[in-house]
Amino acid sequence: MDNRHSSDAWDQRPRGTAIGWLRPPPLGSIVVATDGGDDSDAALLAGAFLAARTGAVTSVVSVCETARWGLRNGRVEVAAAVARARHARRVCVERQVRRTVGTAASWDADVRAGALGVEVAACAARRDAELVVIGRRTHPSIDRVMGREHGFRILRASRTPVFAATAGIAGVPHEVVVAVNFGAGGTRAARLASRLVAAGGTLHVVHVMPHARRRLARPDAPFEVGRARAQLRALCDELTLADHAHIRPVLLAGDPVAEILAFATLHAADLLVCGSVTAPAGEHDMHVGPVAGALFRAAPCSVLVARQPGERWEVA
Amino acid sequence: MRTVMPARTVAREAVSGLQHVAVICDGQPRGDAAGRLAESLASATGASVRAMTVLTIPDPRTAWPNDPVLATLNAANDQLYRVASEPGLWRLTLLTGHWPERLLTVCDEEHVELIILPGHACDGAAAIARACDAVVACVDDASDGTEGRVRLAAPRSERGEHLAGLVAAVATGLGYGVGSREPSDARSDMTPPDTPLSDRTAPA
């Protein structure tokens, strides 16, 4: 059964602008988080491509999660151990920057010591960054238990949207799938994605109606579908694209995570975008929504997650 | 007293990344590296590309074995098909007359942020950068295992430096070697070159 409710006529509406000097609003600043390893090369490349697309100022941050003390000649040293680790990391990061984007790019590198997520989030906040770019790789299940999912730790702590780039990224995304639930986080993510999509690219704005069988059996089902379509179109109308990119609203029904992943795979998406709530009411603020978390871990492409501070998910 | 700038000037001054790239296509195989860089940059950053070729109108009193205008157009067209994966998306502009002046006009109208020149025809790159208020990249063929070698010239302004940094980062990420930026205030480069772009005898 085809569970897609999209209007082909509406999809073909010309979007963007033909006025040459009207451009998408630039991003102010991008922070690229790296550990100096090969897995993070994609983050630096993505940072370069996104900066070139948006005109953002890019800087690099790296965090040493080293022990706060060390032994040297049988004596306990505290500050010296941290300084040594930071120096080694700085050398590593500078080498990586030289290798991937070159020294002519003049990117600032900031090496810090402390907790990974907290320090990256603090750096992004201090630089008033609009995007944190990290490398993304698939982790075995044990890493989730051991807390070694570094990208997820940054996502939890950061109020700034996080762009996790997969290895082999070749440019700004052309096929972008934006999963929205009409919350503030999803809307924020959709707005951000509309500024990143490449010229001539397509922005698929997807909403999945969960519990479709149960809902569609109810007498007010047509009303619910109509309302979702209206909300979807209102959101698409609000987004501004440049350079003749296209926007396409898509309404699906079923399990949100499965449907969105299948849609992204089917359309060979370069980027999957979603918003996230922060926490159930009353709990601390380092939660990521269940759908956003599952998409972040399982997406077949790069992922952009925007958390909306203060937006909390409802516990059924 | 506050100075009010026209909206067009404000839009020009605002740095919003690489949106429009211009590349000089002279039709010669040794200039293909410039076209390839434009193609790669456009693909990676989503910028639009405008190919430009200098059309020298021959003296009608001179005897030419073939039609030089047609030969120039054919050579530029062939070059586009050699370097571009989707040449139909490129726009080809003919620069006739005094080409630096025409280039300046096109760059101003299109708000071009980056001009790519073939390595053998980048005399006066710094002057072009300053006159057009755009970064100029001169591309040489690869000789050291990289995709090619890029030399940048940027106007001496915050915007120019920023754009040059963006271009350098993307070019390096795409596998090009990026050399140091040329100073744009060299005395010998005070005016755009008045000579033809290259030794533009009509292609055979």
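It should be emphasised that the depicted structure is a prediction, and the values quoted were computed from it without experimental measurement.

Quick notes on the rules
- Note that residues are indexed from 1 along each chain, following the sequence as it is written.
- Following the order in which they are written, the chains are lettered starting with A and the ligands numbered starting with 1.
- A pLDDT threshold of at least 70 governs which residues receive local features in this predicted model, and a stricter bar of 80 or more applies before side-chain atom pairs are shown or counted, although totals over entire chains, interfaces and linings include all residues.
- Based on all heavy atoms of the structure, the side-chain values leave hydrogens and waters out of the count.
- By definition, any uninterrupted DSSP run of H or I lasting at least four residues is a helix, any uninterrupted run of E lasting at least two residues is a strand, and each is numbered from the N terminus.
- Each residue is placed in one exposure class: buried if its accessible area under a 1.4 Å probe, protein chains only, is under 20% of its type's maximum, exposed if it is over 50%, and partly exposed if it falls in between.
- The contact criterion used throughout is that any non-hydrogen atoms of two residues lie within 4.5 Å.
- We get accessible surface area from the Shrake-Rupley algorithm with a probe of 1.4 Å; when it comes to residues, only the shown protein chains can shield them.
- By definition here, a helix of n residues has an expected span of 1.5 Å times n minus one.
- By construction, the arc corresponds to the directions joining the helix axis to the C-beta atoms.
- Each residue gets a pLDDT score, which is the predictor's confidence in that residue and runs from 0 to 100.
- Side-chain atoms within 4.5 Å are what join buried Ala, Val, Leu, Ile, Met, Phe, Trp, Tyr and Cys residues into a set we call a nonpolar core.
- Stacked, edge-to-face and tilted labels apply to pairs of Phe, Tyr and Trp rings (six-membered ring for Trp) whose centres lie within 6.5 Å, assigned for plane angles under 30 degrees, over 60, and everything in between, in that order.
- Cation placement over rings: the criterion is NZ of Lys or CZ of Arg within 6 Å of the ring centroid and within 35° of the ring normal.
- One speaks of a salt bridge when a side-chain nitrogen belonging to Lys or Arg is within 4 Å of a carboxyl oxygen belonging to Asp or Glu.
- For two strands to pair, DSSP has to find at least two bridges joining them.
- Orient the strands so they point away from the viewer, and a crossover whose first-strand-to-second-strand path over the helix runs clockwise is right-handed.
- Whenever a helix is involved, its axis is fitted only over the stretch in contact; in every case the axis is a line through C-alpha atoms, and angles between N-to-C directions fall within 0 to 180 degrees.
- Like-charged residues are merged into a patch within 9 Å and nonpolar side chains (Val, Leu, Ile, Met, Phe, Trp, Tyr) within 5 Å, provided each residue has over 30% relative accessible area and no salt bridge.

1. With respect to the overall build of chain A
So, point 1. Counting its regular elements, chain A contains 11 helices and 12 strands.
So, point 2. The 316 residues of chain A split such that 54% are buried.
So, point 3. Put simply, of all contacts in chain A between residues at least 6 apart along the chain, 80% involve residues at least 24 apart.
So, point 4. As presented, chain A carries roughly 14400 Å² of accessible surface, and 54% of it is formed by carbon and sulfur atoms.

2. Structural notes on helix α3 (residues 79-100) of chain A
Residue and element names in this part refer to chain A.
So, point 1. The first and last C-alpha atoms of α3 sit 31 Å apart over 22 residues, in line with the 32 Å expected at 1.5 Å per residue.
So, point 2. For α3, the full list of buried residues reads A81, V82, R89, V93, Q96, V97 and T100. End-on, the buried residues of α3 take up no more than an arc of 125 degrees, which puts them together on one face.
So, point 3. Count one or two residues on from α3 and you reach G102, which has phi positive near 80 degrees.

3. Overview of the environment of A157(A)
So, point 1. Note on placement: A157(A) falls in helix α6 (residues 150-157).
So, point 2. Each C-alpha atom of the pair A157(A) and R307(A) lies 9.9 Å from the other, and the pair is 150 residues apart in sequence.

4. Here we look at the confidence of the model for chain B
Residues and elements named next belong to chain B.
So, point 1. On average, chain B scores 77 in pLDDT, and the residues at 70 or more come to 73%.
So, point 2. Within chain B, no element has a lower average pLDDT than helix α1 (residues 7-13), which sits at 54, and none a higher one than strand β4 (residues 114-118), at 92.
So, point 3. In the predicted structure, residues 186-191 sits below a pLDDT of 50 and forms six contacts with residues beyond four places in sequence or in another chain.
So, point 4. Low confidence marks residues 199-204, where pLDDT is under 50. Its contacts with residues over four positions away, or in another chain, come to 11 contacts.
So, point 5. In the model output, the complex is listed with pTM 0.80 alongside ipTM 0.75.

5. Concerning the nonpolar core
So, point 1. Counting residues in hydrophobic clusters, the biggest one holds 90 residues, and the most contacted among them are L131(A), F163(A) and I116(B).
So, point 2. The element that contributes the greatest number of residues to this core is helix α2 (residues 41-54) of chain A, accounting for 10 residues.
So, point 3. Ranked by size, the runner-up nonpolar core spans 38 residues in total, among them A33(A), V63(A), A264(A) and A299(A).

6. Details of the packing of aromatic side chains
Residues and elements named next belong to chain A.
So, point 1. Using the criterion set out here, one finds one aromatic pair over all chains in the structure.
So, point 2. For the ring pair F152 and F296, a centre distance of 5.6 Å and an interplane angle of 70 degrees mean the geometry is edge-to-face. In this pair, F152 is assigned in helix α6 and F296 in helix α11 (residues 290-298), connecting sequence segments 144 residues apart. Across the pair, F296 and F152 agree in class, each one buried.
So, point 3. Seen from the ring of F152, R297 lies directly overhead, with NZ or CZ sitting 4.0 Å from the centre.

7. Side note on the pattern of salt bridges
Residues and elements named next belong to chain A.
So, point 1. One pass over the structure, following the stated rule, counts 16 salt bridges over all chains.
So, point 2. Measuring nitrogen to oxygen at the nearest pair gives 3.5 Å for the salt bridge that ties E130 to R195. Within this pair, whereas E130 is found in the loop between α4 (116-126) and β6 (131-136), its partner R195 is found in helix α7 (residues 184-196), the two being separated by 65 residues in sequence.
So, point 3. Residue classification places E130 among the partly exposed residues on the basis of a relative accessible area of 27%.
So, point 4. Each of D110, R112, E119 and R126 takes part in a single network of salt bridges with overlapping partners.

8. A word on the pairing of strand β2 (residues 48-55) of chain B
Residue and element names in this part refer to chain B.
So, point 1. Across the eight residues of β2, seven count as buried, placing the element largely inside the fold.
So, point 2. Two strands pair when backbone bridges link them, and strand β1 (residues 20-24) and β2 are joined in this way by five bridges, in the parallel orientation. Note that in β2 the partner of H20 across the bridge is S48.
So, point 3. Following the backbone out of β1, through helix α2 (residues 32-45) and into the adjacent parallel β2, one traces a crossover that is right-handed.
So, point 4. Relative to strand β3 (residues 91-96), β2 runs parallel, the two being bridged by six bridges. Note on β3: the bridge partner recorded for A51 is L92.

9. Let's talk about the side chain of E39(B)
So, point 1. Positionally, E39(B) belongs in helix α2.
So, point 2. Setting aside chain neighbours within four positions, we find E39(B) in contact with V83(B), A84(B), S85(B) and W90(B).

10. What to know about the sheet that holds β2(B)
All names here are of chain B.
So, point 1. With respect to topology, seven strands assemble into an open sheet ordered β3-β2-β1-β4-β5-β6-β7, the strand pairing being mixed. Each having just a single partner strand, β3 and β7 (177-178) make up the two edges of the open sheet.
So, point 2. The pairing of β4 with strand β5 (residues 135-141) spans five bridges and is parallel. Looking across to β5, one finds that L117 is bridged to C138.
So, point 3. Along the sheet, helix α3 (residues 68-83) makes contact with β2 and β3, crossing β2 at roughly 155 degrees.

11. Topic: a nonpolar patch on the surface
So, point 1. A grouping of I142(A), V145(A) and M146(A) is seen on the molecular surface, where their side chains present a nonpolar patch of about 320 Å² in accessible area.
So, point 2. Tracing the backbone shows M146(A) in helix α5 (residues 141-146).

12. Topic: the sheet that holds strand β5 (residues 108-113) of chain A
Residue and element names in this part refer to chain A.
So, point 1. A sheet is described by the order of its strands in space; here 10 strands give the open sequence β5-β2-β1-β6-β7-β12-β11-β8-β9-β10, paired in mixed fashion. Of all the strands in the sheet, the pair left with one neighbour each is β5 and β10 (246-253). Mean inter-strand twist for the sheet, computed between neighbouring axes without regard to direction, equals 25 degrees.
So, point 2. Sheet topology places β6 next to strand β7 (residues 162-166); five bridges connect them, and they run parallel. In the strand pairing of β7, R136 is matched with T166.
So, point 3. This element, α6, spans β1 (29-33), β6, β7 and β12 (302-307) of the sheet and lies at about 25 degrees to β12.

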